[in-house]
Amino acid sequence: MNIHEYQAKELLAKHGIAVPAGHAALSVEEAVEAAKKLPGPLYVVKAQIHAGGRGKGKFKELDADAKGGVRLAHSLDDVRKDAGEMLGNTLVTVQTGDDGKQVNRLYVTDGVDIAEEYYLSMLVDRASGQVAMIVSTEGGMDIEEVAHHTPEKIATITIDPAQGFMPHHGRAVAFALKLDGDLNKQAQKLSKQLYEAFMAMDCEMLEINPLVETKDGQLLVLDTKMSFDGNALFRHKDIAGLRDETEEDPAEVEASEYDLAYIKLDGNIGCMVNGAGLAMATMDIIKLNGAFPANFLDVGGGATTEKVTAAFKIILKDPAVEGILVNIFGGIMKCDVIANGIVQAAKDVNLSVPLVVRLEGTNVQAGKEILESSGLPIVSADDLGDAAKKIVAEVKKAA
Ligand code: ADP
Ligand code: MG
């Protein structure tokens, strides 16, 4: 789960980490009120969307030379003007895709006198089974670009969670950032605090870009992105409450209510599969046959009729879907139960696009008979290759 910058900063502040003062705002008036609570005279008005690259982003509705989604404002009038230009408009950044994201919230924060910008992030590194802290002197820019052109400027420090954060980790971070004296000490303290906050909140990823050194010698978190391990959210009710569903794909939100793992993609063939590995293989083989999957969908091991129906409805809400491929391996689940679910769901949703079903496993014969005798135009397939060929052909025929 992702959260907004202002929420992440509030959480970090609770863990004793220094962030600039600031307030969220949902309207132009609130933005001006937020600025009045800050010392000024420099304010920064920041679009709150779940995507980075806002500073260099462009608003669809504004002129090409208009300012982006992070704006320095030198007076309350400027704050009013910037807030008015941003709220309700669509910000396109390198991370939003061409459609961009509508800006519904702003963060009005203290302008900071920046001497240096650094990069620091943390993530759960599956390869080492540890927490990796990634730091670079090249802050404020796209870290992927830095990794591509000057990988030597990125240092990775891994921390064994069984051992915890040791003083040498802090020293390695400060050294990689080339900091001396008091700043070196601040970096050691900050990296320890960040590690502890990361662990305490079950974060998946925490990125600070930029981490800045101010002109008066303070290390400060200027921008932050944070995401949490969904499997641990049950023990962080306060964090779960920060979820902003308007930032998520509505179909993905609905799918999560039914405990379905659904990710929307750009193709035209809807997929309903049990098991993430089988779902990936199904998507691959659709592509191999020259078409593109409209989604990833794993109904899980113990799908019920209700779940299958919900999955069908979610797949069909996508107007790009021109055909559906169901690929189910009946292991724990029996094929006849699944077949009944498919027939029920197809009737419930008044299925209007071609449907190819490949069933395999326990009670497969009984399952196939149920599909055949249903009277519905369901095409049965024998194996995965056959199923993919058939759905691609059916979609072409219907077009
Ligand atoms: P994004 O990464 O989405 O573009 P940032 O918050 O990193 O957004 O802002 C982009 C740039 O704007 C920063 O690298 C920094 O130079 C500047 N900036 C952001 N916040 C402030 C602030 N409070 N004071 C001064 N400059 C800021
Ligand atoms: Mg940034």
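Residues numbered from 1 in each chain as written. Chains lettered and ligands numbered in written order. Predicted model: local features only at pLDDT ≥ 70, side-chain atom pairs only at ≥ 80, totals over all residues. Heavy atoms only, no water.

Close contact between helix 9 (residues 276–288) and helix 13 (residues 384–398) brings their axes to 9 Å; oriented N to C, the two are set at 50°. The angle between the axes of helix 9 and helix 13 places the two elements in the oblique class. In this structure, helix 9 meets helix 13 at a crossing whose hand is right-handed. Across the interface between the two elements, A281, T282, I285 and I286 from helix 9 touch L384, G385 and A388 from helix 13. A breakdown of the residues in the contact of helix 9 with helix 13 according to their chemical character gives five nonpolar, two polar and no charged. (Axes fitted to C-alpha atoms, helices over the stretch in contact; angles between N-to-C directions. Helix = DSSP H or I, 4+ residues; strand = E, 2+ residues; numbered from the N terminus. Parallel < 35°, antiparallel > 145°, perpendicular 65-115°, else oblique. Left-handed = near helix turned anticlockwise from the far one by under 90°. Contact = heavy atoms within 4.5 Å. Nonpolar A, V, L, I, M, F, W, Y, C, P; charged D, E, K, R; others polar.)

Near ligand 1 there are 17 residues, and of these K46, R54, G55, D110 and E117 occur at the shortest range. The contact in question runs from a nitrogen atom of ligand 1 to an N or O atom on the backbone of V112, over 2.9 Å. Taken by itself ligand 1 offers 540 Å² of open surface, and the protein chains cover 83% of this. Looking at the shell around ligand 1, the elements with two or more residues in it are strand 2 (43–47), strand 4 (70–73), strand 8 (114–125) and strand 11 (203–214). For the shell around ligand 1, the per-class residue count stands at seven nonpolar, five polar and five charged. (Near = heavy atom within 4 Å. Polar contact = N/O pair within 3.5 Å; in protein donor to acceptor, adjacent residues only side chain to side chain. Areas by Shrake-Rupley, 256 points an atom, 1.4 Å probe, with all protein chains shown as cover.)

What follows deals with the UniProt feature "binding site: Mg(2+)" (unreviewed entry) in the protein chain. The UniProt entry lists N209 and D223 under the feature "binding site: Mg(2+)" (unreviewed entry), expressed in the numbering used here. Its place among the elements puts N209 in strand 11. Given the relative accessible area of 15%, N209 is considered buried. Apart from the residues lying within four places of it in its own chain, the contact partners of N209 are Y118, Y119, G139, G140, M141 and D223. A polar contact of 2.6 Å, which involves the side chain of N209, links it to the backbone nitrogen of G140. Relative to the helices and strands, D223 resides in the loop between strand 12 (219–221) and strand 13 (224–228). Leave out the neighbours within four places in its chain, and D223 touches E5, K9, K46, R54, E207, I208, N209 and P210. (UniProt positions renumbered as here; feature names shortened; annotations may be inferred. Buried < 20%, exposed > 50% of the residue type's maximum accessible area, 1.4 Å probe, protein only.)

Here we come to the UniProt feature "binding site: ATP" (unreviewed entry) in the protein chain. UniProt's entry tags K46, G53, R54, G55, V112 and E117 with the feature "binding site: ATP" (unreviewed entry), counted in the numbering of this structure. With respect to the helices, strands and loops of the structure, G53 is situated in the loop between strand 2 and strand 3 (58–59). Along the chain, E117 turns up in strand 8. For E117, a relative accessible area of 28% puts it in the partly exposed group. Apart from the residues within four sequence positions on either side, E117 is in contact with T137, E138, G139, G140, P210, L211 and V212.

Further remarks concern the coordination of the magnesium ion (ligand 2). A metal bound by six donors in octahedral fashion has ideal angles of 90 or 180 degrees, whereas one bound by four tetrahedral donors has an ideal angle of 109.5 degrees. For the magnesium ion (ligand 2), the full set of protein donor atoms is N209 (O) and D223 (OD), and the range of their distances to it is 2.1 to 2.2 Å. With N209 in strand 11 and D223 in the loop between strand 12 and strand 13, this pair connects stretches of sequence that are 14 residues apart. (Donors = N, O, S within 2.8 Å, 3.2 Å for Na, K, Ca; no water.)

For the protein chain, the domain assignment lists domain 1 (21–110), domain 2 (114–240) and domain 3 (250–398). Once you take the C-alpha centre of each, domain 2 and domain 3 turn out to be 42 Å apart. (Domains from an automatic or database assignment.)

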